[in-house]
Amino acid sequence: MMIRKYSLFTALALTLFSALAQAGSEQLEIRDAWIKQLPPVVPVRAGYVTIVNPGTTPLRLVAASGEDFDRVEMHETQTVDGTMKMLRREFFDIPPKGSLRLQPGGKHLMLFDPARPLVAGDKTEIELQFDDGGSRRVPFEIKP
Ligand SMILES: [Cu+2]
């Protein structure tokens, strides 16, 4: 009986340890997800979010999609020759023990052709996909 209890405990401990050591996208902390409200005539929206990677494995955000949008791209606003430009990115890095911040004036999700008017207080789900094959559905709040 003692041996059985011990081996069960060992198995549990090993499972927990391997889950912690693996530190894949399921452990990412995703917060401050929001979309700036714009007049309905504007065909795009910008989405912002902070993704914290508590693990030791580098991860990448590689795609995003949402039922309320035709398509979602990853963009970065940069000043090129004195002009602000949005450059399309194939991925955003989420460094180990670090974070990825999408915020106004920098990296953002470009959300094309909203299917419904999104006004302050509304929420819409965006699915974020990571390079380890994991994905997360995140509610984004519309803010003025
Ligand atoms: Cu953009």
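Residues numbered from 1 in each chain as written. Predicted model: local features only at pLDDT ≥ 70, side-chain atom pairs only at ≥ 80, totals over all residues. Heavy atoms only, no water.

Draft legend 1. Highlighting the coordination of the copper ion. With distances of 2.1 to 2.3 Å, the protein atoms coordinating the copper ion are His75 (ND1), Met86 (SD), His108 (NE2) and Met110 (SD). Note that the copper ion binds four donor atoms; their angles at the metal cover 92 to 119°, and the shape is tetrahedral. Read in sequence order, the donor residues for the copper ion give the motif H-x10-M-x21-H-x1-M. (Donors = N, O, S within 2.8 Å, 3.2 Å for Na, K, Ca; no water. Tetrahedral: all angles 85-135°; square planar, octahedral: opposite > 155°, others 65-115°.)

Draft legend 2. Main features of the packing of aromatic side chains. Scanning the model with the defined rule gives one aromatic pair in all. For the ring pair Trp34 and Tyr48, a centre distance of 4.9 Å and an interplane angle of 40° mean the geometry is tilted. With a gap of 14 residues between them, Trp34 in strand S1 (residues 29–36) and Tyr48 in strand S2 (residues 44–53) connect regions that are remote in the sequence. Residues Trp34 and Tyr48 agree in their burial class; the two are buried. Sitting over the ring of Phe91, Arg60 keeps its end group 3.6 Å from the ring centre. (Phe/Tyr/Trp six-rings, centres within 6.5 Å; stacked < 30°, edge-to-face > 60°. Helix = DSSP H or I, 4+ residues; strand = E, 2+ residues; numbered from the N terminus. Buried < 20%, exposed > 50% of the residue type's maximum accessible area, 1.4 Å probe, protein only. Lys NZ or Arg CZ within 6 Å of the ring centre and 35° of its normal.)

Draft legend 3. Local environment of the side chain of Asp68. In this structure, Asp68 sits in the loop between strand S3 (59–66) and strand S4 (69–80). Residue class for Asp68 comes out buried when judged on its relative accessible area of 13%. A distance of 2.9 Å separates polar atoms of two side chains, one belonging to Asp68 and the other to Arg116. Dropping the residues within four chain positions of it, Asp68 is found in contact with Asp113, Pro114, Ala115, Arg116, Leu118 and Thr124. (Polar contact = N/O pair within 3.5 Å; in protein donor to acceptor, adjacent residues only side chain to side chain. Contact = heavy atoms within 4.5 Å.)

Draft legend 4. Local environment of the pattern of salt bridges. Tallied over the entire structure, the rule returns nine salt bridges. When the shortest N-O distance is used, the salt bridge between Arg71 and Glu73 registers 3.2 Å. Here Glu76 ties to Arg89 by a salt bridge, and the two come within 3.0 Å at their closest N and O atoms. Of this pair, Glu76 sits in strand S4 while Arg89 sits in strand S5 (residues 83–89), and the two are 13 residues apart along the sequence. Residue classification places Arg89 among the partly exposed positions, given a relative accessible area of 26%. One continuous salt-bridge network, built from bridges that share partners, spans Glu67, Glu125, Glu127 and Arg137. (Salt bridge = Lys/Arg side-chain N within 4 Å of Asp/Glu carboxyl O.)

Draft legend 5. Spotlight on the pairing of strand S9 (residues 123–130). Residues Thr124, Ile126, Leu128 and Phe130 line the buried face of S9, whereas the alternating positions Lys123, Glu125, Glu127 and Gln129 sit on a face that is not buried. If you look at the hairpin formed by S9 and strand S10 (residues 135–143), you'll find four residues sitting between the two strands, and Gly133 has a positive phi there, around 95°. (Pairing = 2+ DSSP bridges.)

Draft legend 6. Structural detail: the nonpolar core. Among the nonpolar cores identified, the biggest contains 24 residues, and Ile51, Leu61, Ile94, Leu109, Ile126, Leu128 and Phe140 are the most heavily contacted of them. Looking at this core, the elements with two or more residues in it are S1, S2, S3, S4, strand S6 (92–94), strand S8 (107–114), S9 and S10. Sequence-distant contacts of Ile51, defined by excluding residues within four places in its chain, comprise Leu28, Glu29, Ile30, Ile94, Gly98, Ser99, Leu100, Leu128 and Phe130. (Core = buried A, V, L, I, M, F, W, Y, C linked by side-chain atoms within 4.5 Å.)

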